[in-house]
Amino acid sequence: MKPLYTATAVATGDGRNGHVQSLDQMLDHDVRMPPEMGGPGGGTNPEQLFAAGYAACFHSALRAVAGRAGADVTDSEVAADVSIGTRDDGGFQLAVRLEVALPAVSEERARELVEQAHQVCPYSHATRGNISVELAIA
């Protein structure tokens, strides 16, 4: 791979109850474990950050493939649900559900475009074969 851009973020403090900041300081957040996992809440968390990144990246991939296909992407959106849970061996596992809205195209055409975007999106490449990624049409 020939890098086009590299983002660097640094985590400090107590991991999931610490702080994250990108070197350019465009990202600068306290992170807190959510109450559902026994934490205090009151800050973002790694799953929210991953969900935001995946949603934005997948939406870009979707708009690119739809544009090449001449499909109307008016009012399109992508929602990413990122879940964390425990495995049988006591470790943790992520799962993703991407819900895509393409209101200006038929459901069948939307499914085709979503599948194509899933082949193009770098986040989809990174997760393929590693975690469950469910694709849904809104």
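Data block above holds the structure.
Residues numbered from 1 in each chain as written. Predicted model: local features only at pLDDT ≥ 70, side-chain atom pairs only at ≥ 80, totals over all residues. Heavy atoms only, no water.

Trainee: Can you tell me about the sheet that holds strand β4 (residues 77-86), naming the residues and giving the values?
Mentor: Judged by pairing direction, the sheet is mixed, and its 3 strands sit side by side in the order β4-β5-β6 without closing on themselves. On the outer flanks of this sheet lie β4 and β6 (132-137), each paired with one strand and no other. Along the sheet, successive strands turn relative to each other by an average axial angle of 15°, direction set aside. Pairing analysis gives 6 bridges linking strand β5 (residues 92-101) to β6, with the strands arranged parallel. Residue pairing for β6: Glu 99 is matched across the bridge by Ala 136. This element, helix α2 (residues 107-120), spans β5 and β6 of the sheet and lies at about 150° to β6. (Pairing = 2+ DSSP bridges. Helix = DSSP H or I, 4+ residues; strand = E, 2+ residues; numbered from the N terminus. Axes fitted to C-alpha atoms, helices over the stretch in contact; angles between N-to-C directions. Contact = heavy atoms within 4.5 Å.)

Trainee: Kindly report on the nonpolar core, identifying the contributing residues and their values.
Mentor: Counting residues in hydrophobic clusters, the biggest one holds 26 residues, and the most contacted among them are Phe 58, Leu 62, Val 78, Leu 98, Val 100 and Leu 102. The element contributing the most residues to this core is helix α1 (residues 46-69), with 9 residues. For Leu 62, the contacting residues outside a window of four places in its chain are Val 78, Val 100, Leu 102, Leu 113, Val 114 and Ala 117. (Core = buried A, V, L, I, M, F, W, Y, C linked by side-chain atoms within 4.5 Å. Buried < 20%, exposed > 50% of the residue type's maximum accessible area, 1.4 Å probe, protein only.)

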